[in-house]
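The residues making up each chain are set out below.
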Amino acid sequence: MRLSAVRAAIIARLESTALDTKAGPGDKPKVNRAARAGQAMPGRRPQVQLISCGRDSTNTCDAHRARYQIVIPYEPSPDIDDRIAADAERHHDPLWTLHEVEADILEVQVGDVFVESNDVSIAARRDVDVIYRRDQLAR
């Protein structure tokens, strides 16, 4: 497995999550694959950003680790705290069980959700640490 496949697996789990509230009947979870922090981000579309990666010395010789940060922007609303909390609960289990559906993912740690806000935006952030079995690279 390569890091791009780890990220794709995280995205697939986020997009398969059934959320409690929807903006309309066609509202389905969709990850924003293009934007990075500081760019315009549509509301409630998560981003999956690589924070760090490296070899994992506590496991097998082909084990590597990566930390991804999931950032979900929200538009202000009267029920924003409940929406963030419900989304966080819904996303937790699919991320936590990632190793059960991906054979090359050895371990997953799902971090707490932290909320940042200013006058115009609100974002929920969560780190996901993954230990995975890396494929042999061509030499």
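The preceding data block contains the structure.
Residues numbered from 1 in each chain as written. Predicted model: local features only at pLDDT ≥ 70, side-chain atom pairs only at ≥ 80, totals over all residues. Heavy atoms only, no water.

S.K.: Teacher, can you tell me more about the overall build of the chain here?
M.R.: Helix and strand content of the chain: 3 helices and 4 strands. Along the chain, from the amino end to the carboxyl end, the secondary structure elements read α-β-β-α-α-β-β. Here the chain holds 139 residues, and the buried ones make up 37% of them. The long-range share in the chain, meaning contacts at least 24 apart out of those at least 6 apart in sequence, stands at 56%. Only carbon and sulfur atoms are counted for the fraction: they give 49% of the accessible area of the chain, which is about 8,300 Å². (Helix = DSSP H or I, 4+ residues; strand = E, 2+ residues; numbered from the N terminus. Buried < 20%, exposed > 50% of the residue type's maximum accessible area, 1.4 Å probe, protein only. Contact = heavy atoms within 4.5 Å. Areas by Shrake-Rupley, 256 points an atom, 1.4 Å probe, with all protein chains shown as cover.)

S.K.: Before we go on, may I ask you to explain helix α1 (residues 3–15) in this structure?
M.R.: Residues spaced three or four apart along an α-helix face the same direction, because each turn holds 3.6 residues. Look at α1: 18 Å from first C-alpha to last across 13 residues, which is about the 18 Å you get at 1.5 Å a residue. The set of residues buried in α1 consists of Val 6, Ala 9, Ile 10, Ile 11, Arg 13 and Leu 14. Buried residues along α1 sit in contact with β1 (47–55), β2 (63–74), α2 (80–96), α3 (98–101), β3 (105–117) and β4 (122–133). (Expected span 1.5 Å × (residues − 1).)

S.K.: Is there a simple way to think about the nonpolar core in this case?
M.R.: Looking at soluble globular proteins, one finds that nonpolar side chains tend to be buried together. Among the nonpolar cores identified, the biggest contains 25 residues, and Ile 10, Val 48, Ile 70 and Ile 105 are the most heavily contacted of them. Contributing elements (two or more residues each) for this core: α1, β2, α2, β3 and β4. What Ile 10 contacts, discounting residues up to four positions off in sequence, is Val 48, Tyr 68, Ile 70, Leu 95, Leu 98, Val 128 and Val 130. (Core = buried A, V, L, I, M, F, W, Y, C linked by side-chain atoms within 4.5 Å.)

S.K.: So what exactly am I meant to see when it comes to the pattern of salt bridges here?
M.R.: For side chains bearing opposite charge, pairing can occur when the charged atoms are close. Across all of its chains, the model carries 6 salt bridges by this definition. The partner of Asp 127 in a salt bridge is Arg 67, with the nearest N and O atoms 4.0 Å apart. Taken together, the residues span a long stretch of sequence, with Asp 127 in strand β4 and Arg 67 in strand β2 at a distance of 60 residues. Residue class for Arg 67 comes out partly exposed when judged on its relative accessible area of 33%. Among the ionic pairs, Asp 129 bridges to Arg 67, the shortest N-O distance being 2.5 Å. Placement of Asp 129 in strand β4 and of Arg 67 in strand β2 is noted, with a sequence separation of 62 residues between them. Overall, Asp 129 belongs to the partly exposed group, its relative accessible area being 24%. Connected through shared salt-bridge partners, Asp 62, Asp 104 and Arg 133 make up one network. (Salt bridge = Lys/Arg side-chain N within 4 Å of Asp/Glu carboxyl O.)

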